[in-house]
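Fold and geometry: a report
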Amino acid sequence: MPSSESSDLSKENAPKAGPTPMADPLIGAKVLIVEDDPFIALALEETLHDFGMIIVGVGRSIAQAKTLAENSIFQIAVLDVNLGHETIDSVADVVAARNLPFVFTTGHGRAGLPEAHRDRAIVEKPFYVEEILRTLREELIKAT
């Protein structure tokens, strides 16, 4: 029969039950990026990839973005509000119709968002990495 001292020691070494940390929703999440500025697009791709996201495509025009939004499998999108002289409205409509979350990026504030999507998450340019990551996490969590 083991002594009470040895059984006490084994209890100390046993793993403690407690809350397990939530997994980061970014890890493994598939993201569509729509951004016409090649430097911003590349920075977003690299940053999101570094934080565990899978980039399914980068749309640099409305036509390309709309095709990607209609035909790609993704969990969230990052949508630049203005691509050259075109606006993101039709792409946002496609993503919303698929019931997928998205985050707008813009240098023009909430007033520049498409009317139908003014309540969506927004990150204003220039943005910090922490800000875009936090917003993407929040939107992924809300969508689950």
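Throughout what follows, the structure given in this document is the object of discussion. Remember, predicted model here, so these are calculated numbers, not experimental data.

A look at the nonpolar core
Among the nonpolar cores identified, the biggest contains 22 residues, and V34, L79, I88, V91, F102 and F104 are the most heavily contacted of them. Among the secondary structure elements, those contributing two or more residues to this core are β1 (30-34), α3 (62-71), β3 (76-80), α4 (89-97) and β6 (102-106). With residues up to four places along the chain from it excluded, the contact list for I88 reads V34, I62, L79, D80, V81, L83, F104 and P114. In terms of nonpolar packing, the next biggest core, distinct from the first, is built from 18 residues, I33, A41, I76 and A121 among them.

Observations regarding the sheet that holds β1
With parallel pairing, the five strands of this open sheet are ordered in space as β2-β1-β3-β6-β7. At either margin of the open sheet sits one strand with a lone partner, and together these are β2 (54-59) and β7 (121-124). Each strand of the sheet is rotated relative to its neighbour by a mean of 20°, with strand direction disregarded. Pairing of β6 with β7 involves four bridges; the strand directions are parallel. Counterpart to F104 in the pairing with β7 is I122. Contacts between helix α2 (residues 38-50) and the sheet are confined to β1, β2 and β3, with β2 contributing the most and set at about 170° to the helix.

Some points on the pairing of β2
With five bridges joining them, β1 and β2 adopt parallel strand pairing. Looking at β2, one finds that K30 is bridged to I54. In this view, the connection linking β1 to its parallel neighbour β2 by way of α2 has right-handed handedness.

What counts, and where the lines are drawn
Residue numbers run consecutively from 1 along every chain, following the written order of its sequence. Confidence filtering applies because this is a predicted model: local features only for residues at pLDDT of at least 70, side-chain atom pairs given and counted only at 80 or more, and all residues used for totals across whole chains, interfaces and linings. Working from all heavy atoms in the structure, the side-chain values ignore hydrogens and water. Side-chain atoms within 4.5 Å link the members of a nonpolar core, which is a set of buried Ala, Val, Leu, Ile, Met, Phe, Trp, Tyr and Cys residues. Each residue is assigned to one of three classes by its accessible area relative to the maximum for its type, calculated with a 1.4 Å probe on protein chains only: buried under 20%, partly exposed between the two thresholds, exposed over 50%. What counts as a helix is a DSSP run of H or I of at least four residues, what counts as a strand is a run of E of at least two, and both are numbered from the N terminus. Contacts are assigned to residue pairs with any non-hydrogen atoms lying within 4.5 Å of each other. By the convention used here, strands pair only if DSSP detects at least 2 bridges between them. Inter-axis angles, ranging from 0 to 180 degrees, are taken between N-to-C directions of lines fitted to C-alpha atoms, where helices are fitted over the stretch in contact. When the strands point away from the viewer, a crossover counts as right-handed if the route from the first strand across the helix to the second turns clockwise.

All we've got here are geometric facts, nothing functional implied.
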